[in-house]
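Here is how the chains run, residue by residue.
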Amino acid sequence: MAYKEILGIDFGGSGIKGAPVDTKKGVLTAERHRIVTPEPASPESVVEVIEQIADHFNWTGPIGIGFPAAVQNGVVKTASNIDKKWIGVNAQNIVSERLNVPVCVVNDADAAGFAEMKFGRGKKHMGTVLLITIGTGIGTVLFSGGELVANTELGHLYLNNGREAEEFAADSARQRDELDWTEWGTRFNVYLNEMHKLFWPELIIVGGGVSKKPEKFIHTIDVPSEIVMAKLKNEAGIIGAALAARKFVKKSR
Ligand code: BGC
């Protein structure tokens, strides 16, 4: 039997956000709680924040967490925008031991992908769907026939201009280089066309903060795939982390 209500947590570059999620309906059941991501985002400090979020909701049930890193069997494998001390750490075990509840840790973009495919713009799509989350980093999720290819790290792909996609076109690049939306959109369009050339997605879903303001950059986008903004906006990461936990954490009772 699976749990219905699960605390979903989205560990992002600027904030760690959580809320209880009704995993049957794909909605938050309480207002999300956000705590600024500690610096450095070390294992100790992040686990502390996760505990504060759980305490905020008096949470004693299972937790799903999306991490901004490649994650295999709960173990963090990369650390582009988080403290390097995370590499090799079993995030699932340390949070579970600290809070004494079942925990599931997956890549943050994969989490957002689960949510958009079940409740959002990818619902029932059986073709190749690429979801791209834009934030501090660029997260990618690839679905084909409704199945996920986990941990695609296509934000780290190098473009023809010799630049790493994430460094060139993430939202953090827009802020760092003080780009206006047209300048940023033009860069994002380069990335989208590269993705199209390599994967031929029928549908590209854009998630992360920028998906809330498509009017600012959509005029710069010209790619031969259908392109839509994520329906669940930046709640997708929280909802999807809870969905992942629902799938992977089974009730033993
Ligand atoms: C990380 C990915 C993550 C993405 C979005 C990238 O830097 O390598 O694992 O999904 O940022 O947070």
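All figures in this text were calculated on a predicted structure; none of them were measured in a lab.

The rules we used
Residues numbered from 1 in each chain as written. Predicted model: local features only at pLDDT ≥ 70, side-chain atom pairs only at ≥ 80, totals over all residues. Heavy atoms only, no water. Helix = DSSP H or I, 4+ residues; strand = E, 2+ residues; numbered from the N terminus. Buried < 20%, exposed > 50% of the residue type's maximum accessible area, 1.4 Å probe, protein only. Contact = heavy atoms within 4.5 Å. Phe/Tyr/Trp six-rings, centres within 6.5 Å; stacked < 30°, edge-to-face > 60°. Salt bridge = Lys/Arg side-chain N within 4 Å of Asp/Glu carboxyl O.

**Student:** So what exactly am I meant to see when it comes to the environment of Leu 192 here?
**Tutor:** Inspection of the secondary structure puts Leu 192 in helix α6 (residues 181-199). The class of Leu 192 is buried, set by a relative accessible area of 0%. Measuring from C-alpha to C-alpha, the distance between Leu 192 and Gly 209 comes to 17 Å, with 17 residues separating the pair along the chain. Excluding its chain neighbours within four sequence positions, the residues that come into contact with Leu 192 are Ile 132, Ile 204, Ile 221, Val 223 and Ile 227.

**Student:** When you look at the packing of aromatic side chains in this model, what are you seeing that I'm missing?
**Tutor:** Here the distance between the centres and the angle between the planes together describe a pair of aromatic rings. Following the criterion strictly, the structure yields eight aromatic pairs and no others. A ring pair is formed by Phe 11 and Phe 67, whose centres lie 4.9 Å apart and whose planes are at 85°; its orientation type is edge-to-face. With Phe 11 in strand β1 (residues 5-11) and Phe 67 in strand β5 (residues 63-67), this residue pair connects regions lying 56 residues apart in the sequence. When sorted by exposure, Phe 11 lands in the same class as Phe 67, which is buried. Judged by centre distance (6.5 Å) and plane angle (55°), the ring pair of Phe 11 and Trp 86 falls under tilted. Residue Phe 11 is located in strand β1, and its partner Trp 86 is located in the loop between β7 (75-76) and α2 (91-99); the two are separated by 75 residues in the primary sequence. Here a set of aromatic residues connected by ring pairs shows up, and it is made of Trp 181, Trp 184, Phe 188 and Phe 217.

**Student:** What exactly am I supposed to notice about the pattern of salt bridges here?
**Tutor:** Within this structure, the stated rule accounts for ten salt bridges. With a shortest N-O distance of 3.5 Å, Arg 176 and Glu 167 are connected by a salt bridge. What makes Arg 176 partly exposed here is its relative accessible area of 44%. The closest approach of N and O atoms between Arg 187 and Asp 177, which form a salt bridge, is 3.1 Å. Taken together, the positions of Arg 187 in helix α6 and Asp 177 in the loop between α5 (171-176) and α6 put the pair ten residues apart, joining distant regions of the chain.

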